[in-house]
Amino acid sequence: MDKIFDFILRVGTIDRRWIFLIIGLAVLLPLFFPLGLPIRATIATQKVYDAVEALEENSKVLISFEYGPSTKPEIHPMAIGLLKHLFTNGHKVYVTCLWPDGQFMADDALEEVAEEEFNLTYGEDYVILGFRPGNEAVVKGMVSNIRKLYTTDARGTLVDDIPLMKNINKVADFDFIFSASAGYPGTIEWVQYASDPTGVPLSTGTTSIMVNDIMPMVNSGQVKGILAGMPGAAEYEALIGSPGIGTSGMDAQSIAHLVIVLFIVFGNITYFIEVQRSKKY
Amino acid sequence: MLKDKEFWLVAGGLSLAFILYWLLGHPLLNEERIVMLLVIVIMSANLIYYTRFAKKGGEIFLREIPGLKAVEEAVGRSTEMGKSVLYVPGIMDMDQVETVAGVIILGHVSKMTSRYETSLNVPVSRSIVMKAARETVREAYTMEGRPDLFQDDMVHYLTDDQFAYAAGVNGIMVREKPAACLYMGKFFAESLILAETGNSIGAIQIAGTASQSQIPFFVTACDYTLIGEEFFAASAYLSQSPELMGGLKGQDMMKAGVTAAIILSLFMRVLFDLGLIKWNIISILTVQ
Amino acid sequence: MLWKRQIPILIATVVGLSTLFGWFIDHPTIESFVNDDATQWYDILASFAIFLGALNLMKLQGKKVLKQQSGWQYSLFAIGGFLFAIVAGFIYKGNDAVDWGVHVTSKGTLFKWMFEYIFTPLSATMFALLAFFVASASYRAFRVRNLEATLLLVSGIIIMVGRVPLGSSISSWFIMYLLVLIASITVNIKFKDKKITFGTLLSGVLIVTIWGSLLGWPPDQPGLFYLPVLQDWIYNNPNVAGARAIMIGIGLGIFATSIRYILGVEKSYIGE
């Protein structure tokens, strides 16, 4: 028994680079050999889906892209899933970006969904207003007068010349807001300055880390559901019946989480053995 | 600070002016937000009262905050090992209260490093923070009588981008191996990257942030963490200035008031839901 | 002294009080100042201040290269990257069909190429490091030292496993059998009696087996032991309660700190 304990203690003091290697393999292998684990939507994700389903046809939806390349794996799948859901239901999409990186992400998402998959017309079915600096001042500006903030869209076309922008002058003219957010400025600013004062319903998709900050607002009803990280994106893809990157990442995330749990358990076993030995000697 | 008589004259004058304004029909005032205005006035009055109380010599008890006690220990450790202190004031700009609080704590840390002649490295993520932090450090070194030890390059700009900044700070940690790493400010996802790298080089790490989602990462990876309000209390704790300590006491009393208000509101809402009263307290507490 | 002390404090007080009390005034000019102008003035200042930071960066990196200080080779990358971004942003478009300004996000431009093939992989790599660091931090830090640490550990494991599809594939009956095993180990440590331990294990297994057989072994019942349900409950109840409490405390801290700055009580940000 002592030899087993010695071995466990020796393994417990391994260089952390071995841990990194094992985690790397735990993430990589399921991507090549998918397990196809079933995905079950949580209540928070279902609320987002129901909020979008409840929109009347031809609703005007404002989507704000507040993430960059670093958080793209978590949030881009939810943005793509949402766009597919909105275009399938025949809604009009208006895109704004509070982060400069967000505009690149928005371009990618709309190219993939609006142009390639749905073959929609820019200016009639969707429009990208683009990035404006100013953080929450942009949100406040949009609440009072969009045209003061956006004279042209992201492609340089005058906003007054875009058919879809007819009768759109402020946030209250939209039927729904969705914030795809990875930090500041993001969901909290949209709730504080846009959704709460105007009463326009808002849903959000955020990184897993940020969910804690937003959950109180979801529970109080200020935010209509939340897509929580990549699991949230995968759940939404399952609900709309269009599995994508979010779904394919869940096998890897599942195995990685399991490996981390096993590391924690193993770490505690070594801790107990150390404590027992120190008591003994 | 105003003397008692002057203070009450000013306070009385302002109150009278507001009463007159109200009686004259309060033009331009957004009535829907009057409750919030009253709350702000009451809270501010509370803060001012305790600040004056402390300034006049009133005793204020401040509990021990291990993280702040450890700051001097961390600087001392760096001095003994002949290595530098790395100070990271967050990744946001001076428009965030946490960043300002971080820069203020930097001033106190700079006094210690100048006293012990320890080198200080402050990589920043924003240009305005660079200027503010530089002035703070310069002042601290001058006040300690060691302006000769101060160099402009102690506080230097890296980049605005979050992860590029994290990469830059990690590079500094791995190359220069500071003995103490202090993270005081607003952080996002890069917090664990910084803290784990600091852990790998064996540095003593003290973190302070009001970014709720990053607190668990700092608690896990750092030796000491200032959680939420402890971070805002740091300035008062380190300076032991009566005004700041009074402000801290006022803050605690505000918290007691808010707790009482929550319990009272809960009780009144229950009565409303049961139909025993007709008045919905939520309607006046909702901010328009 | 006036320029370095009184005037900055006066500016902070006047602008702070204006934006604070301006929110209560129902006047378009004041509302516009509070909602738009005040924050935009700061953004304009910060935008011009970028030159200070950039010059500082170039000065330090250039000094390192010229004096061939330790690690000067990395500084070449920093300077090269900076200059490349300037060229891509202001000098060479790469696609003459687009205008300046929109060239930043248009296809075929050098800036877009730089964003897609240099900035994006680098950003993603740095964020991906978190996966490794979370694993090593968890391994090192999650120890059953006391009751609070045990609660943290157990709830952390429940959330980690329950949040992903793997959690919904684990039957609640498996968790119950696992709990019976853990209870038996605990009993063994406490009483050190084989009979009691065996009795605990046997009775636990029997109860779970009979219960499962009666219900037909549904994987998500009883809900108390089904990880996704447990995870949801922990997330929405104790977690949100704690989060709310910390948020209220932080909010009050921010309010008190801001009032101190506005009233000039706290002056350390401009030096003492």
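Residues numbered from 1 in each chain as written. Chains lettered and ligands numbered in written order. Predicted model: local features only at pLDDT ≥ 70, side-chain atom pairs only at ≥ 80, totals over all residues. Heavy atoms only, no water.

## Thoughts on the interface of chain B and chain C
How big an interface is tends to be reported as the loss of accessible area on association of its parts. Taken together, the 66 residues of chain B in the interface contact 58 residues of chain C. When the two sides are added together, the surface that chain B and chain C hide from each other amounts to roughly 5400 Å², 69% of it contributed by carbon and sulfur. The residue B:Asp153 makes a salt bridge to C:Lys63 at a minimum N-O spacing of 2.9 Å. Linking chain B with chain C are 14 residue pairs in polar contact (both at pLDDT 80 or more). In terms of residues, the side of chain B that touches chain C owes the most to one element, helix α5 (residues 127-143) of chain B, which gives nine residues. The residue inventory of the side of chain B that touches chain C, partitioned by class, reads 33 nonpolar, 17 polar and 16 charged. (Contact = heavy atoms within 4.5 Å. Buried area = accessible area lost by both parts, 1.4 Å probe. Salt bridge = Lys/Arg side-chain N within 4 Å of Asp/Glu carboxyl O. Polar contact = N/O pair within 3.5 Å; in protein donor to acceptor, adjacent residues only side chain to side chain. Helix = DSSP H or I, 4+ residues; strand = E, 2+ residues; numbered from the N terminus. Nonpolar A, V, L, I, M, F, W, Y, C, P; charged D, E, K, R; others polar.)

## Describing the interface of chain B and chain A
On the side of chain A, six residues touch chain B, which itself brings twelve residues to the contact. For the pair chain B and chain A, the summed buried surface comes to about 800 Å²; carbon and sulfur atoms form 56% of the total. At the junction of chain B with chain A, the criterion picks out one salt bridge. For B:Glu196, the salt bridge goes to A:Arg16, with nearest N and O atoms at 3.5 Å.

## Section: the pattern of salt bridges
Per the counting criterion, the structure on display carries 30 salt bridges over all chains. Two residues, B:Glu98 and B:Lys186, come together in a salt bridge whose shortest N-O distance is 3.2 Å. Residue B:Glu98 is located in helix α4 (residues 97-116), and its partner B:Lys186 is located in the loop between β4 (180-184) and α7 (190-200); the two are separated by 88 residues in the primary sequence. Here B:Arg146 makes a salt bridge to B:Asp148, at a shortest N to O gap of 3.0 Å. A relative accessible area of 24% means that B:Arg146 is categorised as partly exposed. On the accessibility criterion, B:Asp148 (54% relative accessible area) is exposed. Among the ionic contacts, a cluster of salt bridges with common partners joins A:Arg16, B:Glu196 and C:Arg140. (Buried < 20%, exposed > 50% of the residue type's maximum accessible area, 1.4 Å probe, protein only.)

## Details of the packing of helix α2 (residues 34-55) of chain B against helix α10 (residues 242-273) of chain B
Residue and element names in this part refer to chain B. For the pair α2 and α10, interaxial distance at closest approach is 7 Å and the crossing angle is 140°. As far as their axial angle goes, α10 and α2 are oblique. Where α2 crosses over α10, the two elements pack in a sense that is right-handed. In this structure, α2 contributes Met43, Asn46, Leu47, Tyr50, Thr51, Ala54 and Lys55 to the contact, and α10 contributes Pro242, Glu243, Gly246, Gly247, Lys249, Gly250, Gln251, Met253, Met254 and Val258. (Axes fitted to C-alpha atoms, helices over the stretch in contact; angles between N-to-C directions. Parallel < 35°, antiparallel > 145°, perpendicular 65-115°, else oblique. Left-handed = near helix turned anticlockwise from the far one by under 90°.)

By themselves, these observations are geometric and do not establish any function.
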